[in-house]
Amino acid sequence: MSATIIDGYSIAASVRSRVAEGVSRLTGKGVHPCLAVVLVGDNPASVSYVSGKERALREVGMKDRTIRLPADTGEKELLELVDSLNHDPDVHGILVQLPLPKHINEQAVIMAIDPSKDVDGFHPVNLGNMLIERECFLPCTPHGVLVLLRETGITTAGAHAVIVGRSNIVGKPLSVLLARRDCNATVTVCHTKTRDLAAITRQADILIAAVGSPRMISADMIKPGAAVIDVGVNRVADDTAKNGYRLVGDVDFAPACEVASAITPVPRGVGPMTIAMLMENTLEAALRTLR
Ligand code: GUN
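In this convention, every chain numbers its residues from 1, walking through the sequence in written order. Residue-level local features of this predicted model are given only where pLDDT is at least 70; pairs of side-chain atoms are given and counted only at 80 or more, and the full residue set underlies all totals for whole chains, interfaces and linings. Each side-chain value is derived from all of the structure's non-hydrogen atoms; neither hydrogens nor water enter the calculation.

## As for the packing of aromatic side chains
By convention here, two paired aromatic rings are described through the distance between centres and the angle between planes. Defined as follows: Here a Phe, Tyr or Trp ring, Trp counted by its six-membered ring, pairs with any other such ring whose centre lies within 6.5 Å, and the pair is stacked when the planes are under 30 degrees apart, edge-to-face when over 60, and tilted otherwise. We count a charge as sitting over a ring when the NZ of a lysine or the CZ of an arginine lies within 6 Å of the ring centre and within 35 degrees of the ring normal.
Scanning all chains against the criterion turns up 0 aromatic pairs. Looking at Arg 268, its charged tip hangs above the ring of Tyr 9, at a distance of 3.9 Å from the centre.

What follows is the structure, encoded as C-alpha coordinates:
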(Lines give C-alpha, C1' and ligand atoms only; values in the text may rest on other atoms or scores of the structure.)
Protein backbone atom coordinates (compact mmCIF):
# COMPACT_ATOMS: atom_id res chain seq x y z
CA MET A 1 0.00 0.00 0.00
CA SER A 2 1.20 3.50 -0.69
CA ALA A 3 -0.41 6.34 1.19
CA THR A 4 -2.15 9.33 -0.35
CA ILE A 5 0.15 12.31 0.15
CA ILE A 6 -1.89 15.15 1.65
CA ASP A 7 -1.00 18.27 -0.31
CA GLY A 8 -0.91 20.96 2.38
CA TYR A 9 0.70 23.35 -0.05
CA SER A 10 -2.26 23.40 -2.42
CA ILE A 11 -4.93 23.32 0.34
CA ALA A 12 -3.16 26.31 1.95
CA ALA A 13 -3.07 28.10 -1.41
CA SER A 14 -6.84 27.77 -1.75
CA VAL A 15 -7.35 29.11 1.81
CA ARG A 16 -5.09 32.08 0.95
CA SER A 17 -6.96 32.77 -2.25
CA ARG A 18 -10.27 32.87 -0.35
CA VAL A 19 -8.66 35.22 2.19
CA ALA A 20 -7.34 37.44 -0.65
CA GLU A 21 -10.92 37.91 -1.91
CA GLY A 22 -12.03 38.92 1.59
CA VAL A 23 -9.12 41.36 1.89
CA SER A 24 -10.03 42.94 -1.41
CA ARG A 25 -13.69 43.39 -0.37
CA LEU A 26 -12.70 44.85 3.00
CA THR A 27 -10.12 47.20 1.50
CA GLY A 28 -12.91 48.44 -0.78
CA LYS A 29 -14.79 49.42 2.39
CA GLY A 30 -11.79 51.41 3.60
CA VAL A 31 -10.29 48.86 6.03
CA HIS A 32 -6.89 47.54 4.95
CA PRO A 33 -6.11 44.44 7.07
CA CYS A 34 -2.71 44.71 8.74
CA LEU A 35 -0.65 42.18 10.69
CA ALA A 36 2.20 43.21 12.99
CA VAL A 37 4.82 40.47 13.32
CA VAL A 38 7.45 40.97 16.00
CA LEU A 39 10.72 39.04 15.72
CA VAL A 40 13.26 39.28 18.53
CA GLY A 41 16.75 38.00 17.67
CA ASP A 42 17.85 35.87 14.76
CA ASN A 43 16.89 32.25 15.50
CA PRO A 44 17.23 30.78 11.96
CA ALA A 45 13.92 28.88 12.04
CA SER A 46 12.10 32.00 13.29
CA VAL A 47 13.73 34.20 10.63
CA SER A 48 12.55 31.77 7.97
CA TYR A 49 8.98 31.55 9.40
CA VAL A 50 8.76 35.35 9.50
CA SER A 51 9.81 35.69 5.85
CA GLY A 52 7.16 33.09 4.98
CA LYS A 53 4.55 35.23 6.76
CA GLU A 54 5.72 38.34 4.88
CA ARG A 55 5.38 36.51 1.55
CA ALA A 56 1.86 35.37 2.45
CA LEU A 57 0.83 38.89 3.57
CA ARG A 58 1.95 40.30 0.20
CA GLU A 59 0.12 37.55 -1.67
CA VAL A 60 -3.22 38.10 0.08
CA GLY A 61 -2.86 41.89 -0.14
CA MET A 62 -2.58 42.67 3.57
CA LYS A 63 -0.40 45.36 5.13
CA ASP A 64 2.80 43.98 6.63
CA ARG A 65 4.13 45.63 9.78
CA THR A 66 7.09 43.36 10.54
CA ILE A 67 9.29 44.63 13.37
CA ARG A 68 12.73 43.06 13.83
CA LEU A 69 14.41 43.67 17.18
CA PRO A 70 17.88 42.72 18.44
CA ALA A 71 18.26 39.61 20.65
CA ASP A 72 19.15 41.76 23.69
CA THR A 73 15.84 43.69 23.59
CA GLY A 74 14.49 43.99 27.17
CA GLU A 75 11.15 42.56 28.29
CA LYS A 76 9.92 46.03 29.26
CA GLU A 77 10.72 47.40 25.81
CA LEU A 78 8.88 44.50 24.16
CA LEU A 79 5.85 44.94 26.44
CA GLU A 80 5.77 48.66 25.56
CA LEU A 81 5.86 47.81 21.85
CA VAL A 82 2.97 45.33 22.28
CA ASP A 83 1.02 48.01 24.17
CA SER A 84 1.53 50.53 21.37
CA LEU A 85 0.39 47.96 18.76
CA ASN A 86 -2.67 47.17 20.93
CA HIS A 87 -3.63 50.85 20.73
CA ASP A 88 -2.81 51.34 17.03
CA PRO A 89 -6.13 51.34 15.10
CA ASP A 90 -4.32 50.49 11.83
CA VAL A 91 -3.03 47.19 13.28
CA HIS A 92 -5.59 44.36 13.33
CA GLY A 93 -3.42 41.39 14.31
CA ILE A 94 -0.32 41.04 16.49
CA LEU A 95 2.02 38.05 16.42
CA VAL A 96 5.15 37.82 18.54
CA GLN A 97 7.29 35.05 17.06
CA LEU A 98 8.20 32.32 19.56
CA PRO A 99 10.50 31.21 21.06
CA LEU A 100 11.65 34.47 22.66
CA PRO A 101 15.17 34.91 24.09
CA LYS A 102 15.50 33.34 27.56
CA HIS A 103 15.60 36.65 29.47
CA ILE A 104 12.04 37.47 28.33
CA ASN A 105 9.01 35.93 30.04
CA GLU A 106 7.08 34.50 27.08
CA GLN A 107 3.82 34.14 28.97
CA ALA A 108 3.93 37.77 30.14
CA VAL A 109 4.27 38.90 26.52
CA ILE A 110 1.41 36.68 25.31
CA MET A 111 -0.80 37.99 28.14
CA ALA A 112 -0.02 41.58 27.12
CA ILE A 113 -1.54 41.16 23.64
CA ASP A 114 -5.11 42.46 23.32
CA PRO A 115 -7.19 39.23 22.89
CA SER A 116 -9.07 40.88 20.01
CA LYS A 117 -5.75 41.19 18.12
CA ASP A 118 -4.32 37.83 19.27
CA VAL A 119 -4.41 36.15 15.84
CA ASP A 120 -2.11 33.38 17.16
CA GLY A 121 -4.90 32.35 19.57
CA PHE A 122 -2.36 31.97 22.40
CA HIS A 123 -3.92 34.41 24.92
CA PRO A 124 -5.70 32.64 27.82
CA VAL A 125 -8.96 34.41 26.87
CA ASN A 126 -8.89 32.83 23.41
CA LEU A 127 -7.72 29.46 24.74
CA GLY A 128 -10.51 29.51 27.35
CA ASN A 129 -13.14 30.39 24.75
CA MET A 130 -11.84 27.57 22.56
CA LEU A 131 -12.28 25.17 25.47
CA ILE A 132 -15.92 26.13 26.04
CA GLU A 133 -16.69 26.27 22.31
CA ARG A 134 -17.28 30.03 22.10
CA GLU A 135 -16.18 32.18 19.17
CA CYS A 136 -12.46 32.95 19.39
CA PHE A 137 -9.23 32.97 17.40
CA LEU A 138 -8.12 29.34 17.07
CA PRO A 139 -4.38 28.60 17.25
CA CYS A 140 -3.16 28.42 13.64
CA THR A 141 -1.35 25.05 13.50
CA PRO A 142 -4.08 23.01 15.26
CA HIS A 143 -6.73 24.76 13.16
CA GLY A 144 -4.69 24.03 10.02
CA VAL A 145 -4.57 20.33 10.95
CA LEU A 146 -8.38 20.25 11.25
CA VAL A 147 -8.76 21.89 7.83
CA LEU A 148 -6.33 19.38 6.28
CA LEU A 149 -8.33 16.47 7.73
CA ARG A 150 -11.61 17.98 6.54
CA GLU A 151 -10.37 18.81 3.03
CA THR A 152 -8.91 15.31 2.63
CA GLY A 153 -12.20 13.71 3.66
CA ILE A 154 -10.77 12.04 6.77
CA THR A 155 -13.57 11.38 9.24
CA THR A 156 -12.86 12.52 12.79
CA ALA A 157 -16.23 11.56 14.32
CA GLY A 158 -15.78 8.43 16.39
CA ALA A 159 -12.14 8.08 15.31
CA HIS A 160 -9.37 7.47 17.82
CA ALA A 161 -6.95 10.40 17.43
CA VAL A 162 -3.59 9.95 19.14
CA ILE A 163 -1.49 13.08 19.57
CA VAL A 164 2.18 12.69 20.40
CA GLY A 165 3.30 15.95 22.08
CA ARG A 166 1.63 18.28 24.59
CA SER A 167 2.94 21.75 23.71
CA ASN A 168 0.82 24.82 24.37
CA ILE A 169 1.03 25.68 20.67
CA VAL A 170 0.05 22.35 19.10
CA GLY A 171 -0.61 19.22 21.19
CA LYS A 172 -2.76 20.67 23.97
CA PRO A 173 -5.04 22.88 21.84
CA LEU A 174 -5.37 20.18 19.17
CA SER A 175 -6.52 17.68 21.80
CA VAL A 176 -9.29 20.09 22.80
CA LEU A 177 -10.34 20.85 19.21
CA LEU A 178 -10.51 17.20 18.16
CA ALA A 179 -12.66 16.32 21.18
CA ARG A 180 -15.08 19.21 20.59
CA ARG A 181 -18.56 18.52 19.27
CA ASP A 182 -17.65 19.69 15.76
CA CYS A 183 -15.00 16.90 15.48
CA ASN A 184 -16.18 14.20 17.89
CA ALA A 185 -12.89 12.28 17.97
CA THR A 186 -11.78 10.18 20.93
CA VAL A 187 -8.46 11.73 21.89
CA THR A 188 -5.35 10.34 23.56
CA VAL A 189 -2.41 12.64 24.33
CA CYS A 190 1.05 11.03 24.63
CA HIS A 191 4.19 12.71 25.96
CA THR A 192 7.71 12.05 27.23
CA LYS A 193 6.44 10.12 30.27
CA THR A 194 4.04 7.89 28.32
CA ARG A 195 4.67 4.18 28.91
CA ASP A 196 4.86 1.96 25.80
CA LEU A 197 4.24 4.76 23.32
CA ALA A 198 4.15 2.41 20.31
CA ALA A 199 1.33 0.33 21.81
CA ILE A 200 -0.78 3.49 21.98
CA THR A 201 0.17 5.03 18.62
CA ARG A 202 -0.71 1.69 16.98
CA GLN A 203 -4.31 2.20 18.14
CA ALA A 204 -4.63 5.51 16.29
CA ASP A 205 -7.00 5.95 13.36
CA ILE A 206 -5.52 9.45 13.15
CA LEU A 207 -1.95 9.81 14.39
CA ILE A 208 -0.60 13.31 14.97
CA ALA A 209 3.11 13.76 15.60
CA ALA A 210 4.04 17.08 17.22
CA VAL A 211 7.21 16.43 19.20
CA GLY A 212 10.07 18.09 17.32
CA SER A 213 12.23 15.00 17.11
CA PRO A 214 13.39 13.94 13.63
CA ARG A 215 11.81 10.68 12.34
CA MET A 216 10.96 9.41 15.86
CA ILE A 217 7.67 7.89 14.66
CA SER A 218 8.70 4.74 12.83
CA ALA A 219 6.47 2.71 10.50
CA ASP A 220 5.91 -0.01 13.12
CA MET A 221 4.24 2.58 15.38
CA ILE A 222 1.49 3.19 12.80
CA LYS A 223 -1.68 1.12 12.41
CA PRO A 224 -2.14 -0.05 8.80
CA GLY A 225 -4.56 2.34 7.09
CA ALA A 226 -4.18 5.17 9.63
CA ALA A 227 -4.06 8.84 8.61
CA VAL A 228 -0.80 10.41 9.74
CA ILE A 229 -0.34 14.14 10.30
CA ASP A 230 3.26 15.22 10.80
CA VAL A 231 3.57 18.60 12.50
CA GLY A 232 7.34 18.34 13.09
CA VAL A 233 9.75 20.59 11.22
CA ASN A 234 13.31 19.51 12.03
CA ARG A 235 16.54 20.65 10.40
CA VAL A 236 18.98 17.80 9.80
CA ALA A 237 22.49 18.19 8.40
CA ASP A 238 22.77 17.37 4.69
CA ASP A 239 26.02 18.05 2.85
CA THR A 240 24.32 17.66 -0.51
CA ALA A 241 21.85 20.49 0.24
CA LYS A 242 22.62 24.09 -0.80
CA ASN A 243 22.31 25.47 2.75
CA GLY A 244 23.81 22.41 4.47
CA TYR A 245 20.55 21.11 5.95
CA ARG A 246 17.17 19.77 4.96
CA LEU A 247 13.81 19.61 6.67
CA VAL A 248 12.37 16.34 7.96
CA GLY A 249 9.29 15.66 10.04
CA ASP A 250 8.73 13.71 13.26
CA VAL A 251 7.65 10.72 11.13
CA ASP A 252 10.00 8.44 9.21
CA PHE A 253 8.25 9.37 5.97
CA ALA A 254 9.14 6.79 3.29
CA PRO A 255 8.48 3.65 5.40
CA ALA A 256 5.36 5.30 6.91
CA CYS A 257 3.94 5.74 3.38
CA GLU A 258 3.84 1.96 3.06
CA VAL A 259 1.60 1.62 6.15
CA ALA A 260 -0.59 4.73 6.36
CA SER A 261 -3.61 5.43 4.13
CA ALA A 262 -2.85 9.16 4.03
CA ILE A 263 0.09 11.21 5.26
CA THR A 264 1.33 14.80 5.26
CA PRO A 265 4.83 15.43 3.87
CA VAL A 266 7.45 17.76 5.37
CA PRO A 267 7.85 20.31 3.91
CA ARG A 268 4.56 21.19 2.08
CA GLY A 269 2.28 19.54 4.63
CA VAL A 270 1.13 21.25 7.85
CA GLY A 271 3.60 24.18 7.60
CA PRO A 272 1.84 26.15 4.85
CA MET A 273 -1.50 25.62 6.62
CA THR A 274 -0.25 27.43 9.74
CA ILE A 275 0.44 30.57 7.72
CA ALA A 276 -2.83 30.28 5.77
CA MET A 277 -4.85 30.08 9.02
CA LEU A 278 -2.92 33.08 10.34
CA MET A 279 -4.03 35.06 7.27
CA GLU A 280 -7.62 33.92 7.92
CA ASN A 281 -7.48 35.02 11.58
CA THR A 282 -6.04 38.41 10.60
CA LEU A 283 -8.82 38.96 8.07
CA GLU A 284 -11.36 38.02 10.77
CA ALA A 285 -9.75 40.47 13.23
CA ALA A 286 -10.05 43.24 10.64
CA LEU A 287 -13.66 42.30 9.82
CA ARG A 288 -14.58 42.52 13.50
CA THR A 289 -13.65 46.22 13.51
CA LEU A 290 -16.72 46.83 11.29
CA ARG A 291 -19.10 44.98 13.61
N1 GUN B 1 6.73 29.58 16.75
C2 GUN B 1 6.43 28.39 16.16
N3 GUN B 1 5.14 28.36 15.76
C4 GUN B 1 4.62 29.56 16.10
C5 GUN B 1 3.32 30.14 15.94
O6 GUN B 1 2.37 29.53 15.42
N7 GUN B 1 3.18 31.40 16.41
C8 GUN B 1 4.20 32.08 17.01
N9 GUN B 1 3.96 33.32 17.45
N10 GUN B 1 5.40 31.58 17.18
C11 GUN B 1 5.61 30.32 16.72
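From this point on, the discussion continues.
## Regarding the pattern of salt bridges
Formally: Each reported salt bridge corresponds to a side-chain nitrogen of Lys or Arg within 4 Å of a carboxyl oxygen of Asp or Glu. Only protein chains enter the area calculation, which uses a 1.4 Å probe; residues under 20% of their type maximum are buried, those over 50% are exposed, and those in between are partly exposed.
Applying the stated rule across the entire model yields 12 salt bridges. The closest approach of N and O atoms between Asp 182 and Arg 180, which form a salt bridge, is 3.2 Å. Owing to a relative accessible area of 54%, Asp 182 belongs among the exposed residues under this scheme. Bridged by salt links that share partners, the residues Glu 135, Glu 284, Arg 288 and Arg 291 form one connected network.

## Observations concerning the side chain of Lys 117
The condition that has to hold: Helix numbering and strand numbering both begin at the N terminus, where a helix is a DSSP run of H or I of at least 4 residues and a strand a DSSP run of E of at least 2. Think of it this way: Lys and Arg go in the positive column, Asp and Glu in the negative one, and His and the chain ends go nowhere. Within 3.5 Å is the distance limit for a polar contact, defined as a pair of N or O atoms, with the added protein rule that one can donate a hydrogen and the other accept it, and that residues adjacent in sequence qualify only through two side-chain atoms. Note on contacts: a residue pair is in contact if any heavy atoms of the two residues lie within 4.5 Å.
With respect to the helices and strands, Lys 117 occurs in the loop between helix H4 (106-112) and helix H5 (124-131). Despite its burial, Lys 117 pairs with no opposite charge; the closest candidate is Asp 114, at 5.9 Å N-O. Side-chain polar atoms of Lys 117 contact the backbone oxygen of Asp 88, separated by 2.9 Å. Residues in contact with Lys 117, not counting those within four places in the same chain, are Leu 85, Asn 86, His 87, Asp 88, Val 91, His 92, Gly 93 and Ile 94.

## Side note on the packing of helix H2 (residues 44-60) against helix H10 (residues 270-288)
Filter applied, for reference: A fitted line through C-alpha atoms serves as each axis, taken over the contacting stretch for helices, and the angle formed by two N-to-C directions is quoted from 0 to 180°. In this scheme, roughly parallel covers angles under 35 degrees and roughly antiparallel covers those over 145, while 65 to 115 is roughly perpendicular and the rest are oblique. Definitions for this section: a left-handed crossing has its near helix turned counterclockwise from the far helix by less than a right angle. A right-handed crossing has that turn clockwise. Think of it as three bins: nonpolar holds Ala, Val, Leu, Ile, Met, Phe, Trp, Tyr, Cys and Pro, charged holds Asp, Glu, Lys and Arg, and polar takes everything else, Gly as well.
Interhelical geometry of H2 versus H10 gives an angle of 50° and a closest axis separation of 10 Å. If you check the angle between H2 and H10, you find them oblique. Between H2 and H10 the crossing geometry is right-handed. Where H2 approaches H10, its residues Tyr 49, Gly 52, Lys 53, Ala 56, Leu 57 and Val 60 are matched on the opposing element by Ile 275, Leu 278 and Met 279. Of the residues that constitute the contact of H2 with H10, the class distribution is 7 nonpolar, 1 polar and 1 charged.

## Some thoughts on the site of the ligand
Worth spelling out the cut-off: When at least one non-hydrogen atom of a residue lies within 4 Å of a molecule or strand, that residue is treated as near it. Using a 1.4 Å probe, accessible areas were evaluated by the Shrake-Rupley method; residue-level cover was limited to the displayed protein chains. Throughout, the protein atoms alone are placed on a 1 Å grid, and a set of points is a cavity if a 1.4 Å probe fits but cannot get out or a pocket if it is open with protein on both sides within 12 Å along at least five of seven lines; lining residues have an atom within 4 Å of a point. For a cavity or pocket, the test is whether more than half of a molecule's atoms lie within 2 Å of its grid points; if they do, the molecule sits there.
Looking at the ligand, the residues that line it are Leu 95, Val 96, Gln 97, Leu 98, Asp 120 and Phe 122. Gln 97 places a side-chain nitrogen or oxygen 3.2 Å from a nitrogen atom of the ligand. Leu 98 is positioned with one of its backbone polar atoms (N or O) 2.9 Å from a nitrogen atom of the ligand. Relative to its unbound accessible surface of 280 Å², the ligand loses 83% to contact with the protein. If you map the ligand onto the pockets, it falls in the largest pocket. Among the residues forming the shell around the ligand, the class breakdown is 4 nonpolar, 1 polar and 1 charged.

## A word on empty space enclosed by the protein
Rolling a probe over the atoms, with the probe sized like a water molecule, indicates the empty space that remains. For clarity, the cut-off: Grid points are joined across faces, edges and corners, and a volume is the space filled by probe spheres set on the points.
Tallied over the full model, the rule gives 1 cavity of 30 Å³ or more. For the largest cavity, the calculated volume is near 50 Å³. Looking at the largest cavity, the residues that line it are Val 96, Leu 98, Leu 100, Glu 106, Val 109, Ile 110, Ile 113, Asp 118, Asp 120 and Phe 122. Looking at the lining of the largest cavity element by element, the count peaks at 3 residues for H4. Of the residues assigned to the lining of the largest cavity, the class counts are 7 nonpolar, no polar and 3 charged.

## Considerations on the sheet that holds strand E1 (residues 4-5)
Under the convention used in this document: Each pair of strands is called paired provided DSSP finds at least two bridges between the two strands.
If you trace the 6 strands from one edge of the open sheet to the other, you get E1-E11-E8-E7-E5-E6, paired in parallel fashion. If you trace the sheet from one side to the other, it starts and ends with E1 and strand E6 (186-190), each paired once. Taken together, the 5 bridges between strand E5 (residues 160-164) and E6 define a ladder with parallel strand orientation. By the bridge assignment, Val 162 is partnered in E6 with Thr 188.

## Notes on the environment of Ala 12
Tracing the sequence through the fold places Ala 12 in helix H1 (residues 8-28). Under the relative-accessibility criterion, Ala 12 is labelled buried at 0%. Between the C-alpha atoms of Ala 12 and Ile 94, which are 82 residues apart in sequence, the distance is 21 Å. Ala 12 has contacts with Pro 272, Met 273 and Ala 276, leaving out every residue within four places of it along the chain.

## Examining the layout of surface pockets
In this structure, the largest pocket encloses a volume near 1600 Å³. Contributions of two or more residues to the lining of the largest pocket are made by H1, H2, strand E4 (93-96), helix H6 (140-151), strand E9 (234-237), strand E10 (245-248) and H10. Grouping the constituent residues of the lining of the largest pocket by class yields 25 nonpolar, 14 polar and 9 charged.

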